[in-house]
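Residue-level structure breakdown
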Amino acid sequence: MVIGGIEAGGTKMVCAVGDEAGNLSDRMTVLTGTPEDTLPRMIRYFKEKKVEALGIGCFGPLDLDRKSPGYGSITSTPKPGWAGCEILKVFREALSVPVGLDTDVNGAVLGEVLLGAAKDCDTAVYLTIGTGAGVGVYCNGALLHGLVHPEAGHLLIGRKSGDSFPGVCPFHENCLEGLASGPALEKRWGRPAAELFAREEVWELEAYYLAQAVSNYILAYSPQKVILWGGVMHQTQLFGLVRAKVRELLNGYVRHPALEEELDGYIVPPGLGDNAGIIGAIQLGRLAAERMNG
Ligand code: ADP
Ligand code: ZN
């Protein structure tokens with residue numbers, strides 16, 4: 001089956017074509033302009049590729065409540081033109097194929113559960129820490145939604161004593177995104193995160209905040225795998241630091257070998273690497289087609 005996928009982000013839209021098994025045959029990126037200039041280019045691409053289904057992993061917040069009149073739309077984003085965009089309907093009508101939509105991070109966790117590092121897990125968490133922080137949750141064999149959808153990138157965490165950095169989240173004084181995203185690192189330390197590699201204190205503090213979030217995900221969701229990625233986690237020295245702090249924070253309370261001698265295989269980068277999001281989006285398309293066919 002020829003399946004299209006979109007990883008829809010605030011700065012760029014990655015479009016790709018692939019199959020059920022996670023093989024990618026083509027890819028194209030467009031910068032995210034207004035919907036009026038961005039959507040037609042993507043539609044043209046998928047028409048040319050003759051896709052039979054499409055999956056979209058999209059920045060949020062999204063209305064994913066199938067009973068809601070706004071189902072399938074982007075709700076309250078500040079990105080010019082995109083608030084209220086009925087992205088699901090636009091592609092469904094333009095392509096006349098089944099279209100699946102979920103958050104970008106739910107797409108990524110789905111990709112990892114089906115084809116990546118969380119293969120065969122019933123419950124897994126995917127945290128991306130980049131321009132923002134976002135969390136996809138796969139819970140008991142399905143992507144987790146609810147009132148809206150999890151927003152665990154804004155998990156409220158405790159500040160390290162003496163840390164008076166105001167944070168970069170306009171909503172929260174002490175959430176993960178505000179204290180530990182790429183822009184937070186840059187504002188706190190005065191240089192782009194990628195240039196801070198040699199500064200040990202940067203990554204010690206970063207790991208302290210990431211580990212709090214990860215510990216809380218472990219306590220709340222009991223995932224069988226925790227996947228961390230996004231631009232900031234390209235500082236792969238963070239993995240060891242985060243694991244050590246998670247062990248410290250949980251302090252032996254949750255008893256399982258995964259949290260003790262197997263921790264290196266429990267808090268991991270995505271098996272699909274930077275393709276987790278786009279391969280997951282294609283899987284959203286496959287699932288939409290399967291739903292359609294009964
Ligand atoms: P997005 O979140 O927009 O999808 P990314 O996941 O690439 O994109 O995140 C971009 C953020 O990650 C930027 O704030 C950037 O400073 C940071 N970043 C990118 N590469 C690195 C790196 N090698 N080390 C640390 N931070 C990085
Ligand atoms: Zn926040």
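Please refer to the structure higher up on the page.
Now for a look at the structure at hand. (Residues numbered from 1 in each chain as written. Chains lettered and ligands numbered in written order. Predicted model: local features only at pLDDT ≥ 70, side-chain atom pairs only at ≥ 80, totals over all residues. Heavy atoms only, no water.)

1. Here's the deal with the site of ligand 1
Just so we agree on the cut-off: Here a residue is near a molecule or strand as soon as one of its heavy atoms is found within 4 Å of it. Here a polar contact means two N or O atoms within 3.5 Å. Within protein one must be a hydrogen donor candidate and the other an acceptor candidate, and residues neighboring in sequence count only if both atoms are side-chain atoms. Where accessible areas are quoted, they stem from the Shrake-Rupley method and a 1.4 Å probe; at the residue level, only the protein chains shown are allowed to cover. Amino acid classes used here: Ala, Val, Leu, Ile, Met, Phe, Trp, Tyr, Cys and Pro are nonpolar; Asp, Glu, Lys and Arg are charged; the rest, including Gly, are polar.
In the neighbourhood of ligand 1, the contacting residues comprise Gly130, Thr131, Gly182, Pro183, Ala193, Ala194, Gly230, Gly231, Val232, His234 and Gln235. With respect to ligand 1, the side chain of Gln235 contributes an N or O atom lying 2.8 Å from a nitrogen atom. Taking 570 Å² as the accessible area of ligand 1 by itself, protein coverage stands at 61%. Considering only residue class, the shell around ligand 1 consists of 4 nonpolar, 7 polar and no charged.

2. Digging into the pattern of salt bridges
The condition is simple: We define a salt bridge as a side-chain nitrogen of Lys or Arg found within 4 Å of a carboxyl oxygen belonging to Asp or Glu. Runs of E in the DSSP output that reach at least two residues are strands. Runs of H or I that reach at least four are helices, and both are numbered from the N terminus.
Applying the stated criterion to the full structure yields 10 salt bridges. Where Lys245 meets Glu204, a salt bridge forms, and the shortest distance between an N and an O atom there is 3.1 Å. Pair noted here: Lys245 is in helix α7 (residues 237–250) and Glu204 is in helix α6 (residues 200–221), with a separation of 41 residues, a long-range link. Overlapping salt bridges, with partners in common, bring together Arg159, Asp163 and Arg188 in one network.

3. Some points on the coordination of the zinc ion (ligand 2)
Counted only if it meets this: Any nitrogen, oxygen or sulfur atom within 2.8 Å of a metal ion counts as a donor, with the limit raised to 3.2 Å for Na, K and Ca, and since water is left out, coordination shells can look unfinished. Note on exposure labels: buried denotes an accessible area under 20% of the residue type's maximum, exposed denotes more than 50%, and partly exposed covers the range between, all computed with a 1.4 Å probe on protein chains only.
For the zinc ion (ligand 2), the protein coordination sphere consists of His154 (ND1), Cys169 (SG), His172 (ND1) and Cys175 (SG), at 2.1 to 2.4 Å. On the primary sequence, the residues serving as donors to the zinc ion (ligand 2) are separated as H-x14-C-x2-H-x2-C. In this pair, His154 is assigned in the loop between β8 (142–143) and α4 (176–180) and Cys175 in the loop between β8 and α4, connecting sequence segments 21 residues apart. Residue classification places Cys175 among the buried residues on the basis of a relative accessible area of 0%.

In short, shape yes, function no, at least from these values alone.
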